[in-house]
Amino acid sequence: MGKMDAPEPEWKHRMAANPTNRPPGEAPDWYRAGLDHIWRPYAQMKSARPPLPAVATLGSRIVLTDGRELIDGIASWWTACHGYNHPHIRAAVEYQLAVMPHVMFGGLAHEPALTLARRLAELLPGDLERVFFSESGSVAVEVAMKMAVQFWINRGVSNRTKFLAFTGGYHGDTTGAMAVCDPGEGMHRLFHDLLPRHHIVDLPWDEASIAAFECCLEDHAQELAGIVVEPLVQGAGGMRFHDAAVLRRLREAADRHGLLLIFDEIFTGFGRTGTMFACEQASVVPDIITLGKALTGGTLPLAATVARRHVFDAFWSDDPAHALMHGPTYMANPIACSAANASLDLFEREPRLRQVAVISQALRDGLAPCRTLSGVKDVRVLGAIGVVELERIDDVEGLRARFVEEGMFIRPLGNIVYLTPAFTIGADDLAALTSAIVRVVTARSS
Ligand SMILES: Cc1ncc(COP(=O)(O)O)c(C=O)c1O
């Protein structure tokens, strides 16, 4: 290689090192042999298009086995906030893998978890200071719900087992979490007879919804353990935004009725809405907060349920039965905690929130032409979330494939086309994403 030649991209080395990857065009052996043995998420596998065989990631790019590089607009379900393969996270993971990949968290403690817990407590507002680790967002929500119910049981109140949650909300796929999702949503409907009943109302933002919310509280506050909400943005339910005033109203109502307020920041946490946590924009401190997704910068599964001091105090007792009865096997996995610590380093060392502000403006400018197109209901941007809401999308699979033809990984959801890119995405890649959306939506509307 001459001195001036650019080095081969790393993914090319990796592809070469794995002879079962066969570019271009032809599906590799592992793909053909394995496809009939996987069960895909949220997919009617009989009619769904086959998944794209990915072989490598780098920055904001996903490389397919045929050598195509897609610009990633989704950051792998909103996790990879520093882009893929960040060398700092990778170094931390490699070090921890060599030293101690895993030990159980029952009866043992380790530096990556304790450091991460301390750092999260320092970053979060108020006295959100007691961290319970798990491995997925859904489990973090389950833990928050158990914490809230047992908070009351430990104080001698056994009938507060219900939650107040909101239409448009999404909190995960496990049974407890599903039960506080939007009841009109597919999974919820399907499992209606399995799920415990909670009270689901519209977010209180106008006169009618405030009245309905207050009415529900008047009627049911005595059986409620708490209120569960995704602050500022209801993500998977359609990237619906609401005002910070709504969150202040929830805090006030929770205080008035003595309820625990749970903010699910699994999507909104770690800069996505423009501040490190969405709750900062409302100056509201919830009693419990759930974190996940971008916690490890999109490298490893890890989630956290963080409680305020007064919540934890209800579990601090001479009675063994007052302990929180939960403990996932891979709780506080040291490699995942090291990745999360490295991710927090990057938030400290690199100008992530400034990058979010720049992305926000670019999304606003780049998606603006969609506003006047027929079939477009709304265009909205908050932080590094850009949304084009369409009247309807009939062929979501076809639309997704159209974006792949454009060289973009963009996954329309329900009736929205949205972008949640890595905060490190280059201006050209971001412009390519927004232009592709404008092009594709224009073609649909003409
Ligand atoms: C707000 C929110 N809560 C909970 C979850 C569930 O997280 P996980 O998929 O890691 O279980 C999600 C996932 O999209 C989410 O957006």
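Residues numbered from 1 in each chain as written. Predicted model: local features only at pLDDT ≥ 70, side-chain atom pairs only at ≥ 80, totals over all residues. Heavy atoms only, no water.

Visitor: Kindly report on the site of the ligand, identifying the contributing residues and their values.
Guide: The environment of the ligand is formed by Trp78, Ser136, Gly137, Ser138, Tyr170, His171, Gly172, Glu230, Asp264, Ile266, Phe267 and Lys293. Between the ligand and Asp264 there is a distance of 2.7 Å, counted from a nitrogen atom to a side-chain nitrogen or oxygen. Side-chain polar atom of Lys293 to an oxygen atom of the ligand: 3.0 Å apart, as the coordinates give it. For the ligand, whose unbound accessible area comes to 390 Å², protein coverage reaches 83%. (Near = heavy atom within 4 Å. Polar contact = N/O pair within 3.5 Å; in protein donor to acceptor, adjacent residues only side chain to side chain. Areas by Shrake-Rupley, 256 points an atom, 1.4 Å probe, with all protein chains shown as cover.)

Visitor: Residues and numbers for the packing of helix H9 (residues 207-220) against helix H10 (residues 244-257), please.
Guide: Look at H9 against H10: their axes get within 11 Å of each other, and the N-to-C directions meet at 20 degrees. With respect to H10, the axis of H9 lies roughly parallel. Judged by the twist between their axes, the crossing of H9 over H10 is right-handed. Facing H9, whose interface residues are Ile210, Phe213, Glu214, Leu217 and Glu218, H10 presents Arg249, Leu250, Ala253, Arg256 and His257. Considering only residue class, the contact of H9 with H10 consists of 5 nonpolar, 1 polar and 4 charged. (Axes fitted to C-alpha atoms, helices over the stretch in contact; angles between N-to-C directions. Helix = DSSP H or I, 4+ residues; strand = E, 2+ residues; numbered from the N terminus. Parallel < 35°, antiparallel > 145°, perpendicular 65-115°, else oblique. Left-handed = near helix turned anticlockwise from the far one by under 90°. Contact = heavy atoms within 4.5 Å. Nonpolar A, V, L, I, M, F, W, Y, C, P; charged D, E, K, R; others polar.)

Visitor: Tell me what's going on with the sheet that holds strand S4 (residues 128-134), and back it up with residues and numbers.
Guide: Taken in spatial order, the 7 strands of this open sheet run S4-S12-S11-S10-S7-S5-S6, and their pairing is mixed. The sheet is open, and its two borders are formed by S4 and strand S6 (199-201), each paired with just one other strand. Each neighbouring strand pair of the sheet contributes to a mean axis angle of 20 degrees, computed without reference to strand direction. Of the strand pairs in this sheet, strand S11 (residues 288-291) and strand S12 (residues 303-308) are connected by 4 bridges, and their pairing is antiparallel. (Pairing = 2+ DSSP bridges.)

Visitor: Could you give an account of the pairing of strand S7 (residues 224-229), with specific residues and numbers?
Guide: In terms of burial, S7 is largely enclosed, as 6 of its 6 residues are buried. Across 3 bridges, strand S5 (residues 162-166) lies against S7 in parallel orientation. Looking across to S7, one finds that Phe163 is bridged to Gly226. The sheet contact formed by S7 and strand S10 (residues 260-264) spans 4 bridges and is parallel. Paired with Gly226 across the bridge in S10 is Leu260. (Buried < 20%, exposed > 50% of the residue type's maximum accessible area, 1.4 Å probe, protein only.)

Visitor: Please set out the packing of aromatic side chains residue by residue, giving values where relevant.
Guide: Here the distance between the centres and the angle between the planes together describe a pair of aromatic rings. In the structure shown here, the tally under the stated rule is 9 aromatic pairs. Ring centres of Trp78 and Tyr418 lie 6.3 Å apart, and the angle between their planes is 75 degrees; on these two criteria the pair is classed as edge-to-face. Of this pair, Trp78 sits in helix H3 (residues 75-78) while Tyr418 sits in strand S16 (residues 416-419), and the two are 340 residues apart along the sequence. Judged by relative accessible area, which is 2%, Tyr418 ranks as buried. Consider the rings of Phe166 and Phe213, whose centres lie 6.3 Å apart with planes at 35 degrees: the pair is tilted. Note that Phe166 is positioned in strand S5 and Phe213 in helix H9, a separation of 47 residues in sequence. Cluster of aromatic residues (ring-pair linked, three or more members): Trp78, Phe267 and Tyr418. A cation sits over an aromatic face here: Arg155 above Trp152, 5.3 Å from the ring centre. The ring of Trp152 carries the charged tip of Arg160 above its face, separated from the ring centre by 4.3 Å. (Phe/Tyr/Trp six-rings, centres within 6.5 Å; stacked < 30°, edge-to-face > 60°. Lys NZ or Arg CZ within 6 Å of the ring centre and 35° of its normal.)

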